[in-house]
Amino acid sequence: MAEYSITNWMRTDKPKKRNGKYPIYLRIRVKNKETKVPTGLDVAKDRWDDKKKEPKDKALLIQLNKKREEIDLHINRTLADGQILTIDLIKDFCSGKKIVKPENKSFFDYYLAFVERKRKENIDSQTIKVYKTTYNILKEFKNDILISDISLSLIEDFDDYMVEVRGNAPGGRNPKHKNLRTVILDIEKHNIPINNPYKWFKIPQANTKEIYLDKNELEAMRSLRSKLSHSSTMYKVLQMYLFSCYCGLRYSDAIDLKWFHIDFEKKFIKKEMIKTRSEVITPLFTMARAVILEISNGKKLINTTKNVFHKYSETTVNHTLVKLTDMAHINKHITYHSSRHTFATLLVQDGTDVYTISKYLGHKSIDMTQRYLKYDLSMAISSAKEIKTFG
């Protein structure tokens, strides 16, 4: 129960009114904060009982008590509704401002406030962009949504809208639903009544085929280094891509990587991930070490605050990778993200357990890592050789 008190107060610090009386106020305190509320009543100084803190006239006392009871009733209703009692809430009530329950406020306002909070927490700018896209599409679907409007039928209708009006496939709808679910969970976390429809609604999953390079293809990409000028964009992109194939860093973390993030003596990379703002520690394997030593300016850059790789845009990087795979005669359409799938898949093919790989990738759960692994015929044949169960 919130701590609050209401005290009657004759304001002798205020000038006398023309009738020679002083105004009566209520001093309301919530925890360590206080506000003074005028009652519109006044009393002669000799008609005020200073010990009881109340007027001596019975009729005036009844009027004063009625005003106290109104405020008391409002406070108790507020607490019964599960709201947090604050001085500002009392000020709003006493000033006649209409009090709106949190669940009757705009879902869009809460959504934007949530995104702004995440932006201030330095969440990856690409993630913020996706949240804003979801907001715009939700606004197209329905211009005004209250928190209390959130329901299973609303989410189902929104999903239908994305399919029928926007033509979104499961992969396009998936991040929008994930954004909404995250905001709804945040509302729940703040004890605001809301029906979470994602307890029943199954978020559509993209039917994508994850691309990775096998060992021969990775070696074919590696062999291109001798054919490229070291000052060229193609060489620099290739080095960065190979590095992530050997250590599993995302594009955002590779371009953010500083030399001091790399411990050459203990052979590991340690940095805060841009996307999740959590720490990742991954081994500096021999091949990853060889790649960055080539661009270390004779090891002079080691332990400095300079970036390891050039900050090319992701679009430039992916366009360059298309050219590089053509040069290497690899018949796959790869993006930079395929380096993480390559790293995870080749490790599991060599017998590394999924739990360890999940830690290298900075994943919070093994389920997320398993989605990275490409299980195909070659893996089945390789793993079958090690199984002796059935002879």
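Each chain carries its own residue numbering, running from 1 in the written order of its sequence. pLDDT decides what is reported in this predicted model: residues at 70 or higher carry local features, side-chain atom pairs at 80 or more are listed and counted, and totals for whole chains, interfaces and linings draw on all residues regardless. Only hydrogens and water are set aside; all other atoms, that is, all heavy atoms of the structure, feed into the side-chain values.

A.B. asks: How should I be thinking about helix 4 (residues 125-141) in this particular structure?
C.D. replies: An α-helix turns once every 3.6 residues. As a result, residues three or four positions apart point the same way. Taking 1.5 Å per residue as the helical rise, helix 4 with its 17 residues ought to reach 24 Å, and the 25 Å between its terminal C-alpha atoms agrees with that figure. The buried label goes to any residue with under 20% of its type's maximum accessible area, the exposed label to any with over 50%, and the partly exposed label to all in between, with areas taken from a 1.4 Å probe on protein chains only. Numbered from the N terminus, helices here are DSSP runs of H or I no shorter than four residues, and strands are runs of E no shorter than two. Three or more residues of helix 4 are buried, namely Ile-128, Tyr-131, Thr-134, Tyr-135, Ile-137 and Leu-138. Given a helix with a known number of residues, its expected span is that number minus one, times 1.5 Å.

A.B. asks: In this structure, what is going on with the packing of helix 3 (residues 107-120) against helix 4? I would like to understand it.
C.D. replies: In a packed pair of helices, the relevant descriptors are the angle between the two axes and the axis-to-axis distance. Axis definition: a line fit to C-alpha positions, over the contact stretch in the case of helices; interaxial angles, taken between N-to-C directions, run 0 to 180 degrees. Two elements in contact, helix 3 and helix 4, have axes whose closest approach is 10 Å; the angle formed by their N-to-C orientations is 170 degrees. Taken together, helix 3 and helix 4 sit at an angle that is classed as roughly antiparallel. From helix 3, Phe-107, Phe-108, Tyr-111, Leu-112, Phe-114, Val-115, Lys-118 and Arg-119 reach across to helix 4, where they touch Ile-128, Tyr-131, Thr-134, Tyr-135, Leu-138 and Lys-139. Polar here means any residue outside two lists: the nonpolar Ala, Val, Leu, Ile, Met, Phe, Trp, Tyr, Cys and Pro, and the charged Asp, Glu, Lys and Arg; Gly therefore counts as polar. Residues of the contact of helix 3 with helix 4, tallied by class, amount to 10 nonpolar, one polar and three charged. Orientation is classified from the angle alone, with under 35 degrees giving roughly parallel, over 145 giving roughly antiparallel, 65 to 115 giving roughly perpendicular, and any other angle giving oblique. Any two residues whose heavy atoms approach within 4.5 Å at even a single point are treated as in contact.

A.B. asks: What is the right way to look at helix 5 (residues 152-164) in this model?
C.D. replies: Over its 13 residues, helix 5 extends 18 Å from the first C-alpha to the last, a length consistent with the 18 Å expected when each residue adds 1.5 Å. Of all the positions in helix 5, only Leu-154, Ile-155, Phe-158, Asp-159, Tyr-161 and Met-162 are classed as buried. Burial along helix 5 is one-sided: seen end-on, the buried residues are contained in an arc of 155 degrees. Where helix 5 is buried, its residues touch helix 4 and helix 6 (170-189). This arc corresponds to the set of directions leading from the helix axis out to the C-beta atoms.

A.B. asks: How do you make sense of the packing of aromatic side chains when you look at a structure like this?
C.D. replies: Given two aromatic rings, one states the distance between the centres and the angle between the planes to describe the pair. Here is the rule: rings of Phe, Tyr and Trp (six-membered ring for Trp) pair when centre to centre is within 6.5 Å. Planes less than 30 degrees apart are stacked, more than 60 are edge-to-face, and the remainder are tilted. Per the stated rule, a full pass over the model turns up 16 aromatic pairs. Between Arg-27 and the ring centre of Trp-9, over which it is positioned, the NZ or CZ distance is 4.5 Å. Working rule: Lys NZ or Arg CZ, within 6 Å of ring centre, within 35 degrees of ring normal, means a charge sits over the ring. Its end group placed over the ring of Phe-108, Lys-139 keeps NZ or CZ at 4.6 Å from the ring centre.

A.B. asks: Just checking my understanding: could you explain the nonpolar core for this structure?
C.D. replies: Generally speaking, soluble globular proteins have nonpolar side chains that are buried together. Met-221, Phe-243, Ile-262, Ile-292 and Leu-321 are the most contacted members of the largest nonpolar core, which totals 43 residues. Mapped by element, the contributors of at least two residues to this core are helix 7 (215-222), helix 8 (233-247), helix 9 (251-256), helix 10 (286-293) and helix 11 (314-327). When residues no more than four places from it in sequence are discounted, the contact partners of Met-221 are Leu-213, Leu-238, Tyr-241, Leu-242, Leu-321, Leu-324, Thr-325, Ala-328, Ile-330 and Ile-334. Nonpolar cores were defined as sets of buried Ala, Val, Leu, Ile, Met, Phe, Trp, Tyr and Cys residues, with membership established by side-chain atoms within 4.5 Å. With 29 residues, the next largest nonpolar core counts Tyr-131, Ile-150, Leu-180 and Tyr-198 among its residues.

A.B. asks: Help me understand the pairing of strand 2 (residues 22-30) in this model?
C.D. replies: Residues in a regular strand point their side chains to alternate faces of the sheet. Among the nine residues of strand 2, seven are classified as buried, and the element is accordingly described as predominantly covered. By the convention used here, strands pair only if DSSP detects at least 2 bridges between them. Where strand 1 (residues 4-10) and strand 2 come together, seven bridges link them in antiparallel fashion. Following the sheet pairing, Trp-9 is matched in strand 2 by Tyr-25. Counted along the chain from strand 2 to the antiparallel partner strand 3 (residues 33-43), the turn is two residues long, and its residue Lys-31 has a positive phi close to 55 degrees.

A.B. asks: Please explain the sheet that holds strand 8 (residues 279-283) as it appears in this structure.
C.D. replies: Where strands meet in a sheet, backbone hydrogen bonds hold them as pairs that are either parallel or antiparallel. As summarised here, the arrangement of the three strands in space is 6-7-8, forming an open sheet in which the pairing is antiparallel. Only two strands of the sheet have a single neighbouring strand rather than two, namely strand 6 (262-263) and strand 8. Strand direction decides the pairing type here: strand 6 and strand 7 (residues 268-272), joined by two bridges, are antiparallel. By the bridge assignment, Ile-262 is partnered in strand 7 with Ile-269.

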